[in-house]
Structure formats: structure tokens, C-alpha cells
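# Architecture and fold: a report
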Amino acid sequence: MKKSNIDLSFFIFRLKMVMIKNMDIQLKKKHWAIRHKYYLISGVIFVGFLVYLLVLSAGPRRLRYEADKLEIVEVAKDRFLEYLDVEGIVQPKMTIRINSNEAGTVDSIIAENGSILKAGDIIMTIKNIELQRVIEDERDELSKTRINYREKEIQMEQKIADLQRQNLETMYNLNRQAKEQVVNEEEYNIGMKSKAQYEVATEDYEFNKEKTKLLREGLTRDSILNTIQTDLLRNDLTRAEKRFNRSLERLENLVVRAPIDGQLSSINVIPGEKIAAGSSIGELKIIDEIKISTKVSEYYIDRVTLGLPATITYQGEKYPLKITRINPEIKDRQFEVDLLFTGKQIENIRIGKSYRLQIELEQPEEALVVSKGNFFQSTGGQWVFKVNDSGNKATRVPISIGRQNPKQYEILEGLQPGDKIIVSGYDNFGEAQEIILKR
């Protein structure tokens, strides 16, 4: 135990001696690089980061993207058909507006909306008390005119009979005087009458002859005047009858009928409503003949012409049509086009049903084409991302697009057959110049 204490004391003594000796030795000064090594390391890292950023900004901007989330298509030579894919609505070829020819109050509505009518079927009836009064007054006036005409006619007939009797008596007297003149001339020649007697008889004959002539002319004028008056009375009666018949026709117009066969598509009046003459009361659609109406973008106003073919594909079968009417008026940047079937028509087709149809703008021809995608909306068709042969990277390349249809773009410049391009996801690419495709 004592020995251990002696050893510990000796060890402590030796340690103190070494420490005193070291205190007498001058310490050497460290190099500045060692003293500032942490600052130097931080500076080197910062400079390296700046160099990295400069390299990135000088080179193409890259973006990593999962290939499975992108649509990649191949550019190929194919038959290109420029057509428009639009929605058409079935409409009747002709719609007739039904108007009321008479004013009045709607009495009753017989036909309902959607009713299939034949020509002459009653649609509605109108009540017009004033018209009925007018018709009664004209009926009374016509009766008076007929009575007056009959009276005048009897008077004219009597007058004609008197004129004929006067003419007969005048001719009889003239013929008798002519015979007497012949006798007077014979008696004068044989000396039974003197010259003076003969001359007096001759003057009487000539006077009666001229008188008879004037009388007959008067009778002729009276006869002509009588005929004219009769014709005037007859015309008055005819006008009265026509006026009355027209009023009766107006009475018929109080019953509104279907002018042709068709479907009553609308009726816009109600019982008790007052309507004016010429008012529109509804529409009648001719359902035996139909058309397809559609709207086309104003961009194609100069290319869509009459006679262009079109097609509806329905339940796996194609139905051909052609454009028969173009309304050049542009509304909401579109114009209206009507088409008619040129061959077989869709069975059980209904007014108001819509179909997708393709309007062909030209004949199909060989061209370099690519399937459509949303890249056009983002790039304006000026560039696309072209995938390299390895399929791990896509690079931005300029292109030129020509014609288009709802499924394809025509490529004019920038791509070759067999090239693969990205056609989707452009909204997420930003300003990237290269897309690194992650598999």
C-alpha cells in the first residue's frame, strides 16, 4: 500500500516537470490556409455552384418527365383528306308559318303541338262578331239589289216590248204609205189626179218616210240605252254577289286549317286571346322531306361551296349528303350550312336529333401527316419535341404545318417519315428545350 502511494507521487512529480519544460519552449505559428480552411472550403463550394448555374443557363434547359404520361406518335406518309367534323341537327326541309287571315278572338284550339296534320285539318277557330254583322248586312243588301234588279229588268222588258211595237207600227204605216204613193202615181199618169194633188201626196209620203227614219233611229238608240242600263244593273248585282261571297270567304277564314300535310311544331295563342289579321299563330313543318343543318367556322367561308360531299357514319353505316344551301351571314364567327341526303336516308330519323358529319373539302392525296394533339395550342404549330432514336430524350425542333383535319396535321417542313414526336403535355413543359424521358 505504501509502495503504491510512492509511485503515484513520483508520477505526478514527473508530469509537473514535463509541463514546466514545455512552457519554456516557443510555439510555432500556424499557416493562414490552415487557419481559414473552413472559409476556403465554403468559398470553393459557392464558386462551384455559380459555375454550375452558368453552365445550366448557357446550355439547353432540360426537364425530366415520365414517358408513360406523354403521347408519342410517329410521323408517316398517308392518304390525307381535308374535311370538317361538325355536328348537324335534323330539321324539316321547309317550315311554313301559319297566319290568321282574320282578326278576332281565339274561340277554340283543336290541334295540339306536335300533331301530325293533313291539308285541311282544323287547327283553331276564331270568333268575330263584327264580321258576322257585316255579313248579315251584306246579305240584306244583296236581297234588296236582286229585287231592284228584277223590277228594273221587268221595266226594261216592258220598254223593249213597247219599242218593238212602235217600230212595227211605224214600218206598217210606212209600207202602207208607199203603196198609196204608187196608186197616186198611177192615177196621176192616167189623169185621175191633178199634178197638184200628186205633189201633195208625194210630199206627205216623203215627210212620213223621213219621220219614220228618225223614229226608227230613236227606237234604236232607246234599245241600245235600255241594253246598257240592263248591263249596268246586272253588273251591280254581280258586284253585290261577289262582295257577299267574299264576306262568306272571310267567314270561312275564321276556321284556321292546315295548308299542307305536316307536323304542327308550335302554336303560340291561347283561347280568349285577341289577334289581328295577319298575326302568326304557329308553325307547320314538312316532315316528309328533311335536311341537316350545321354551323361552320368563318375560317372556311371561302372553301365551303354548294355541292360539296359529306358523310354521316351511323351504326357502322355511311350515309352520303351534299351541301345545298350556304348562308353567308356570319354570326358568332360561324355561318350556317344545309345538307340533303343524296342516297339512302337514316331509318327512324327524327326532327331535332343531332349527328356527327364530315364535310369533304377536297379529294384525298398522299402527304406527310401526324396525329393531332394539344401541342398546336401551345406552340402554334411552329415547333415540337422530337424523340431521339434511343427514346430517352426529346429535343425541340422547328416545323411547318399545312392543312389539317379533325384527326391529322399535314407536315410541310422539319420532320421526316419515321420520326417520333411528343404531341401531349406541352402545358407542363414551360421553357424547356429538352425533355429527359424517364422510363
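The preceding data block contains the structure.
Keep in mind that what you see is a predicted model, and the values were worked out from it rather than measured. (Residues numbered from 1 in each chain as written. Predicted model: local features only at pLDDT ≥ 70, side-chain atom pairs only at ≥ 80, totals over all residues. Heavy atoms only, no water.)

### Topic: the overall build of the protein chain
Each helix and strand in the protein chain was counted, giving six helices and 24 strands. Excluding contacts between residues fewer than 6 apart, the proportion of contacts in the protein chain whose partners are at least 24 apart in sequence is 75%. (Helix = DSSP H or I, 4+ residues; strand = E, 2+ residues; numbered from the N terminus. Contact = heavy atoms within 4.5 Å.)

### Looking at the pattern of salt bridges
Within the structure shown, the criterion is met by 20 salt bridges. Between Glu82 and Arg303 there is a salt bridge, and its shortest N-O distance comes to 2.5 Å. Taken as a pair, Glu82 in the loop between β3 (76–80) and β4 (83–92) and Arg303 in the loop between β13 (290–297) and β14 (309–314) lie far apart in primary sequence, 221 residues in all. In this structure Arg303 comes out as partly exposed when scored by relative accessible area, which is 31%. In this structure, Glu410 engages Arg403 in a salt bridge whose closest nitrogen and oxygen atoms are separated by 2.9 Å. (Salt bridge = Lys/Arg side-chain N within 4 Å of Asp/Glu carboxyl O. Buried < 20%, exposed > 50% of the residue type's maximum accessible area, 1.4 Å probe, protein only.)

### Some details on unusual backbone geometry
In most cases, non-glycine residues show a negative phi, while peptide bonds are predominantly trans. Unusually for a residue other than glycine, Gln315 sits at a positive phi of about 55°. Within the secondary structure layout, Gln315 lies in the loop between β14 and β15 (317–331). The class of Gln315 is exposed, set by a relative accessible area of 69%. Not every positive phi belongs to a glycine, and Asn348 is a case in point at roughly 55°.

### Some words on the environment of Glu74
In this structure, Glu74 sits in strand β2 (residues 72–74). The partly exposed category is assigned to Glu74, whose relative accessible area is 48%. Apart from residues lying up to four places away in sequence, Glu74 is in contact with Val369, Gly418, Asp419 and Lys420.

### Regarding the sheet that holds strand β7 (residues 116–117)
Ordered by their spatial adjacency, four strands build an open sheet running β5-β12-β10-β7, and the pairing between neighbours is antiparallel. Looking along the sheet, the strands with just one partner apiece sit at the ends: β5 (95–99) and β7. Alignment of β7 against strand β10 (residues 262–267), held across two bridges, turns out to be antiparallel. Note that in β10 the partner of Ile116 across the bridge is Gln263. (Pairing = 2+ DSSP bridges.)

### Focus: the environment of Leu70
Its place among the elements puts Leu70 in the loop between β1 (62–66) and β2. A sequence separation of 353 residues divides Leu70 from Val423, and the C-alpha atoms of the two residues are 7.6 Å apart. Other than its neighbours up to four places away in sequence, Leu70 contacts Tyr65, Ile422, Ser424, Gly425, Phe429 and Leu437.

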